[in-house]
Amino acid sequence: MNLRNWNKQHTLGLLLGIATTLVALPITLLIYSWFNDYSFDQVWYKFTVLRNERSKFLGLASIANLFWFHTFIRKENWNRAMGIILATFISLALIIYFKYLA
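None of the values given here were measured: they were computed from a predicted structure. (Residues numbered from 1 in each chain as written. Predicted model: local features only at pLDDT ≥ 70, side-chain atom pairs only at ≥ 80, totals over all residues. Heavy atoms only, no water.)

A.B. asks: How do you make sense of the overall build of the protein when you look at a structure like this?
C.D. replies: If you tally the helices and strands in the protein, you get 5 helices and 0 strands. Put simply, the protein runs from its N terminus to its C terminus through helices and strands in the order α-α-α-α-α. In the protein, the proportion of contacts linking residues at least 24 apart, taken out of those at least 6 apart, comes to 66%. In the form shown here, the protein has an accessible surface area of approximately 7,000 Å², with 68% of it arising from carbon and sulfur atoms. When the 10 positive and 4 negative side-chain charges of the protein are each reduced to one mean point, those points stand 13 Å apart. (Helix = DSSP H or I, 4+ residues; strand = E, 2+ residues; numbered from the N terminus. Contact = heavy atoms within 4.5 Å. Areas by Shrake-Rupley, 256 points an atom, 1.4 Å probe, with all protein chains shown as cover. Lys, Arg positive; Asp, Glu negative; His and termini not counted. Charge placed at Lys NZ, Arg CZ, Asp CG, Glu CD.)

In structure tokens form, the structure reads like this:
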């Protein structure tokens, strides 16, 4: 991707991908707490304190971007799909940071 060709649709896809991950994160924590018979507070504590758990939950929450990516590809809206991919790469960078560097 060439940054000279960056437009409003790329930005919209990027912001949508970041927002989707942020919205999906507490939902992921809630589903995890239901299936493992933990309280949400225990899972939230694990997420905030343990960096290894933080990277796992962030990776699971990033899966929600697949919905938008698939939707934009089917509509042939390539610029928004590229924004979703970039948002997922930002999540990947955060996962690597939390897993190995923090």
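A.B. asks: Honestly, the environment of N77 in this entry has me stumped. Any pointers?
C.D. replies: Among the secondary structure elements, N77 is positioned in the loop between α4 (65-74) and α5 (78-101). With relative accessibility at 22%, the residue N77 sits in the partly exposed group. With residues near it in sequence (within four places) discarded, N77 still touches Q9 and F72. (Buried < 20%, exposed > 50% of the residue type's maximum accessible area, 1.4 Å probe, protein only.)

A.B. asks: Which parts of the structure should I look at to understand α4?
C.D. replies: For the α-helix, the turn length of 3.6 residues means that residues three or four positions removed from each other point alike. Burial in α4 covers these residues: N65, T71 and F72. Viewed along the axis of α4, the buried residues span an arc of 130°, placing them on a single side of the element. Turned more than 90 degrees away from the buried face of α4 sit L66, F67 and R74, all of them exposed. In this fold, the buried residues of α4 make contact with α1 (8-35), α3 (51-62) and α5. E76 sits one or two residues past α4 and shows a positive phi near 55°. (Arc of directions from axis to C-beta.)

A.B. asks: Sorry, what's going on with the packing of α1 against α5 here?
C.D. replies: Across the interface, α1 lies against α5 with an axial gap of 7 Å and an inter-helix angle of 45°. Considering the angle they form, α1 stands oblique to α5. Helix-helix and strand crossings are classified by hand; for α1 and α5 the assignment is right-handed. Each of Q9, H10, L12, G13, L14, L16, G17, I18 and T21 in α1 lies in contact with α5, whose residues at this interface are N79, R80, M82, G83, I84, L86, A87, I90 and S91. (Axes fitted to C-alpha atoms, helices over the stretch in contact; angles between N-to-C directions. Parallel < 35°, antiparallel > 145°, perpendicular 65-115°, else oblique. Left-handed = near helix turned anticlockwise from the far one by under 90°.)

A.B. asks: It is not clear to me how the pattern of salt bridges should be interpreted in this structure. Could you clarify?
C.D. replies: Where side chains of opposite charge bring their charged atoms close, a pairing between them can arise. In total, this model carries 1 salt bridge according to the counting rule given. Its salt-bridge partner being E53, residue K56 comes within 3.8 Å of it at the nearest N-O pair. With K56 and E53 both in helix α3 and 3 residues apart, this pair spans about one turn of that helix. Of the residues examined, K56 reaches a relative accessible area of 44% and is grouped as partly exposed. (Salt bridge = Lys/Arg side-chain N within 4 Å of Asp/Glu carboxyl O.)

A.B. asks: Would you take a moment to explain a nonpolar patch on the surface for this structure?
C.D. replies: Side chains of V23, I27, L30, I31, W34, F35, F40 and W44 sit close together on the surface and give an oily, nonpolar patch of about 840 Å² of accessible area. For the nonpolar patch, the leading source of residues is α1, giving 6 residues. Within the element layout of this structure, W34 appears in helix α1. (Patch = residues over 30% accessible without salt bridge, like charges linked within 9 Å, V, L, I, M, F, W, Y side chains within 5 Å.)

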